Amino acid sequence: MTDKNITKDAMYDAVAPDDFESMLELDRYNNRSSAFDKIIAATHDHFWDPLDTKYIDFDEPFDMENEPLVPEEMIAALQTDYVSNHLSDPKERTRFINTMVLHNFSSILHGEQGALNLSASLCHVLKDQGAQEYAANQTREEARHVTGFAKYIKTRWGRPLECGTVLKDLLVEIIHAPEVYKKIIGMQMLVEGLAMGAFASFYNNIRDPLGKKLLQLVMTDEAFHHKFGKIWADRTVPKLDPDEHAIIEDWAAHCFQTLLFNLVSPTQQMALYADFGLDGMKVIEEFQKVMTDDVRRENMRESANIFRVLIKTLLNAGIITDRTRAFYGMYVDMEELKLEGDRMVGDDIAEDGIRYLQAINFKDRVVETIRVAAE
Ligand SMILES: [Fe+2]
Ligand SMILES: [Fe+2]
């Protein structure tokens, strides 16, 4: 029988989620992989606590009623004449923008909860202690992201919005999947990649200093989570046989398509439009008229575009072959992407954040230079 986990490196060896007995094998204890030691040790450098005002102060005010959190260009629906003309009152326009941001931040919060449960589930299936220690660390970090985003939403809006069904179904699918490759590609490479892209773009545009600080602190952690996926890919993808490669490539395309659909599909926001006296069907119709293929491709050209980040992650990992190249080619110029190198969007923001945290955490110690980019 083929190994359903498609494990090519002992450090990603996995057992069934309910097989605790295998963890007690004596040889296992002496074979701890050191591949993750650097990223485990780095957790001390970028330690932060969302409940400690030394790092972030949730009492910092922002005028939600009169100030839009982000520029209008970030709100897709406002690019249509129908929505823009309908929301001519400045207060109502601001409320619309800030509600759309709530929609995004709620998705982020649910995604963080998904990441927490997923990394905890990795602790149950990964057999290597080093990999387990990494996953346990990530679980702890995702927990502070949940705390941070929940607190931010509570402070600015009072309550999050429901998780959309598309995102919910994907999170359920990867958290419950027993196969390690599904978890790592789905969460570590795609959802984490999406998060880095979305965080970078909000970080660059958000006008609320509290939101900006929170995003940066979270990014100091996420840069490492994304890297765990990269280490997996570097050690796994080159050793796959063609059938296994096809399974992995198809799974990645499935996750990509789901995330794309989740983000660009306005059907999930019907109730929000209705709340502003807008006809949801008409918003979708108008939106499709503005969003021609050319506009979409042009938008994706921007380096911080989150889908561009995702495609780059998969391309750099060697997951995309001629089988699916044309599928991604609909969105970006694959040749251009290949020439861009390894550095990911958000790495600079994360590195600045780590410097900020080191100054707090190690006031009296000289620390060496930080690099979260690829090793
Ligand atoms: Fe996170
Ligand atoms: Fe994460």
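Attention here is on the structure that accompanies the text. Just so we're clear, the structure is a prediction, and the values are computed from it rather than from any experiment. (Residues numbered from 1 in each chain as written. Chains lettered and ligands numbered in written order. Predicted model: local features only at pLDDT ≥ 70, side-chain atom pairs only at ≥ 80, totals over all residues. Heavy atoms only, no water.)

Here we come to the overall build of the chain. Secondary structure assignment for the chain yields 16 helices and zero strands. Overall, the chain is about 70 × 55 × 40 Å in size when its C-alpha atoms are taken along their principal axes. Buried residues in the chain amount to 55% of all 375 residues. Looking at the chain alone, contacts between residues at least 24 apart form 80% of all its contacts between residues at least 6 apart. When the accessible surface of the chain is summed, it comes to about 17,400 Å², and 52% of that surface belongs to carbon and sulfur atoms. Once the 41 positive and 63 negative side-chain charges of the chain are each reduced to a mean point, those two points are 2 Å apart. (Helix = DSSP H or I, 4+ residues; strand = E, 2+ residues; numbered from the N terminus. Buried < 20%, exposed > 50% of the residue type's maximum accessible area, 1.4 Å probe, protein only. Contact = heavy atoms within 4.5 Å. Areas by Shrake-Rupley, 256 points an atom, 1.4 Å probe, with all protein chains shown as cover. Lys, Arg positive; Asp, Glu negative; His and termini not counted. Charge placed at Lys NZ, Arg CZ, Asp CG, Glu CD.)

On to the coordination of the iron ion (ligand 1). Here the iron ion (ligand 1) is held by the protein donor atoms Glu112 (OE), Glu142 (OE), His145 (ND1) and Glu222 (OE), which lie 1.9 to 2.2 Å from it. Geometry at the iron ion (ligand 1) is irregular, judged from the four donor atoms that bind it and their angles of 91 to 144° at the metal. One chain supplies every donor to the iron ion (ligand 1), and in sequence these donors are spaced E-x29-E-x2-H-x76-E. Between the iron ion (ligand 1) and the iron ion (ligand 2) the interatomic distance comes to 3.2 Å, and Glu142 is a ligand of both metals. On the criterion of helical spacing, the pair formed by Glu142 and His145 is a turn pair, its members being three residues apart in helix 5 (residues 129-156). Like Glu142, the residue His145 is buried in the burial classification. (Donors = N, O, S within 2.8 Å, 3.2 Å for Na, K, Ca; no water. Tetrahedral: all angles 85-135°; square planar, octahedral: opposite > 155°, others 65-115°.)

A few words on the coordination of the iron ion (ligand 2). Ideal coordination angles are 109.5 degrees for a metal with four donors arranged tetrahedrally and 90 or 180 degrees for a metal with six donors arranged octahedrally. Around the iron ion (ligand 2), the protein contributes the donor atoms Glu142 (OE), Glu192 (OE), Glu192 (OE), Glu222 (OE) and His225 (ND1), at 2.0 to 2.5 Å from the metal centre. The motif formed by the donor residues of the iron ion (ligand 2), counted along the single chain, is E-x49-E-x29-E-x2-H.

Within this structure, the stated rule accounts for 16 aromatic pairs. Residues Phe256 and Phe327 carry aromatic rings whose centres are separated by 5.9 Å and whose planes lie at 90° to one another, so their mutual orientation is edge-to-face. Residue Phe256 is found in helix 9 (residues 242-264), and its partner Phe327 is found in helix 14 (residues 322-329); the two are separated by 71 residues along the sequence. Each member of the pair, Phe256 as well as Phe327, carries the same accessibility label: buried. Members of the aromatic cluster, each reached through a chain of ring pairs, are Phe105, Phe149, Tyr152, Trp157, Phe199 and Phe202. When the ring centre of Trp251 is taken as origin, the NZ or CZ atom of Lys182, which lies over that ring, is 5.0 Å away. Positioned above the aromatic ring of Tyr203, the side-chain terminus of Lys212 is 4.1 Å from the ring centre. (Phe/Tyr/Trp six-rings, centres within 6.5 Å; stacked < 30°, edge-to-face > 60°. Lys NZ or Arg CZ within 6 Å of the ring centre and 35° of its normal.)

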